[in-house]
Amino acid sequence: MDRIVIVGGGILGASTAYHLAGQGKEVMLIDRKDPGQATDAAAGIICPWLSQRRNKAWYSLAKAGAAFYSELIPRLEAAGLEPGYKQVGAISIHTDQDKLTKMEERAIQRREAAPEIGEIRQLTEKETGPLFPYLSDSFSSVYVSGAARVDGRLLRDALLEGAKSKGVAIAHGTAALRRDTVGNCEVLVDGAKIEADKIIITAGCWAGDLLRQIGIHMDVRAQKAQIAHLRVDDKDTESWPVVMPPNDQYMLSFPDGRIVVGATHEDEHEMDLKTTVGGIFEVLNKALEIAPALHRAEFIETRVGFRPFTTGFLPVIGELPDAANVLFANGLGASGLTIGPFLGKQLACLALGEELDIDLSMYRVENAML
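Residues numbered from 1 in each chain as written. Predicted model: local features only at pLDDT ≥ 70, side-chain atom pairs only at ≥ 80, totals over all residues. Heavy atoms only, no water.

### Some thoughts on the overall build of the protein
Broken down by element type, the protein carries nine helices and 20 strands. Computed over C-alpha atoms, the radius of gyration of the protein comes to 21 Å, within 12% of the 21 Å expected from 2.2 N^0.38 for 370 residues, which places it in the range of a compact globule. In terms of overall dimensions, the protein has a C-alpha envelope of 70 × 45 × 40 Å along the principal axes. Each of the 370 residues in the protein was classed as buried or not, and the buried ones make up 56%. Taking the contacts inside the protein whose residues are at least 6 apart along the sequence as the reference set, 74% of them involve residues at least 24 apart. If you sum the accessible surface of the protein, you get close to 15,800 Å²; carbon and sulfur atoms cover 48% of it. (Helix = DSSP H or I, 4+ residues; strand = E, 2+ residues; numbered from the N terminus. Rg over C-alpha atoms; globule rule 2.2 N^0.38 Å. Buried < 20%, exposed > 50% of the residue type's maximum accessible area, 1.4 Å probe, protein only. Contact = heavy atoms within 4.5 Å. Areas by Shrake-Rupley, 256 points an atom, 1.4 Å probe, with all protein chains shown as cover.)

### Notes on the side chain of R149
When you line up the elements, R149 lands in strand β8 (residues 148–151). The charged side chain of R149 is buried without a salt bridge, its nearest counter-charge being E238 at 4.7 Å. Among all residues touching R149, those that are not within four sequence positions of it are G44, G84, Y85, K86, V88, E238, V242, L252, S253, F254 and P255. (Lys, Arg positive; Asp, Glu negative; His and termini not counted. Salt bridge = Lys/Arg side-chain N within 4 Å of Asp/Glu carboxyl O.)

### Things to note about the sheet that holds strand β12 (residues 192–194)
Taken together, three strands build an open sheet; the order of strands is β10-β11-β12 and the sheet is antiparallel. Looking along the sheet, the strands with just one partner apiece sit at the ends: β10 (175–179) and β12. Ignoring which end each strand starts from, the neighbouring axes of this sheet average 40° apart. Taken together, the three bridges between strand β11 (residues 185–189) and β12 define a ladder with antiparallel strand orientation. Looking at β12, one finds that L188 is bridged to K193. (Pairing = 2+ DSSP bridges. Axes fitted to C-alpha atoms, helices over the stretch in contact; angles between N-to-C directions.)

### Notes on helix α6 (residues 152–165)
One full turn of an α-helix is made of 3.6 residues, so residues set three or four places apart face in the same direction. Over its 14 residues, α6 extends 20 Å from the first C-alpha to the last, a length consistent with the 20 Å expected when each residue adds 1.5 Å. Every buried residue of α6 is listed here: G152, L155, R156, A158, L159, L160, G162 and A163. Two or three places before R153, at the opening of α6, D151 has a side-chain oxygen 3.0 Å from that residue's backbone nitrogen. Count one or two residues on from α6 and you reach G167, which has phi positive near 105°. (Expected span 1.5 Å × (residues − 1). Polar contact = N/O pair within 3.5 Å; in protein donor to acceptor, adjacent residues only side chain to side chain.)

### Digging into the packing of aromatic side chains
In this structure the tally under the stated criterion is five aromatic pairs. With a centroid separation of 5.9 Å and an interplanar angle of 65°, the aromatic rings of F68 and F342 are classed as edge-to-face. Remark: F342 occurs in helix α9 (residues 336–352) and F68 occurs in helix α3 (residues 56–78); sequence separation between them is 274 residues. Aromatic pair F309 and F313: ring centres 5.2 Å apart, planes at 70°, arrangement edge-to-face. An aromatic cluster is built from F132, Y134 and W240, whose rings are joined through pairwise contacts. In this structure, K166 packs its charged tip against the face of Y18, placed 5.7 Å from the ring centre. (Phe/Tyr/Trp six-rings, centres within 6.5 Å; stacked < 30°, edge-to-face > 60°. Lys NZ or Arg CZ within 6 Å of the ring centre and 35° of its normal.)

### Brief notes about the sheet that holds β8
One open sheet accounts for three strands, arranged β3-β8-β4; its pairing is antiparallel. The sheet terminates laterally at β3 (43–46) and β4 (85–86), the two strands that pair on one side only. As paired strands, β3 and β8 are joined by four bridges and run antiparallel to one another. Following the sheet pairing, A43 is matched in β8 by D151. The sheet strands contacting α9 are β3 and β8, and the helix crosses β3 at an angle near 80°.

No statement about biological role is implied by the geometric values presented.
Take a look at the structure:
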């Protein structure tokens, strides 16, 4: 039996392990559980269809990732696992009616190829406010019924539990790579060699350091995100829609009055996990601009995570040049929870020699190499 070793236990590695489980391979996942993993901090918004981003390769992947949830979530729930996912819809808010009209038109056009978008309609100020009661009454919106929110920790844990139940071994330790005498790659955990016929690197922001050990230099950069968790007195918050403001922030709710607002996009740092006054001020200031009634909310915690980006801000996936037994995927950025589960399935297919649902030439690993 072939052995496949996955290095990195975020959403991408967890999904890869889950989709490899029970496929006739011996699978091990290694994770160091570093603080700052993007998945561990993230509260995901599954709504790529309103994005103005013009990169067709990114949108194709994000659209497929959003659609994949309709297949994945029922499987996890049928196994008794809690994925932390709920389709609650989204409201993209604005005060500019022309921009809302263009947004609605874009969504309607995209629905032709993505029927999972569901219902699309413009809402007036009076219709928008009650959907998320803490909002200012000055915003109209475009409502999309197919949007969802997901708890990154719960989804990752559900995927890992599902993988373990089908025989995947999970080890916590420090992985290292080295070349053997004929140039193939080997993986070690805390200095001990782990036999592997194929190695899959899903190590997020830490992948660059790992690959340098075998002479491969990858442009993997970390973007720091600080995310604030609040609690309000309302307890019926479970089904409130995701709020997408005109700025680069978001707001979403979970059960029992938990409101999540964020996040910062900090490129100048050295993997610094500290919660900063400036970061939290930015998050809360932008939140209160659109939802001033949140000034009464209780501040619970701040989560800090590092989004991995590669060249061109586009994910990459494939076999590493000059390392035929190593597969690599990275660069999910702020779309990790939208794209990660789907891309993990693609990695599993690649490892098994099966047909993929994507065109690999659009996401070439070489594009991210230095």
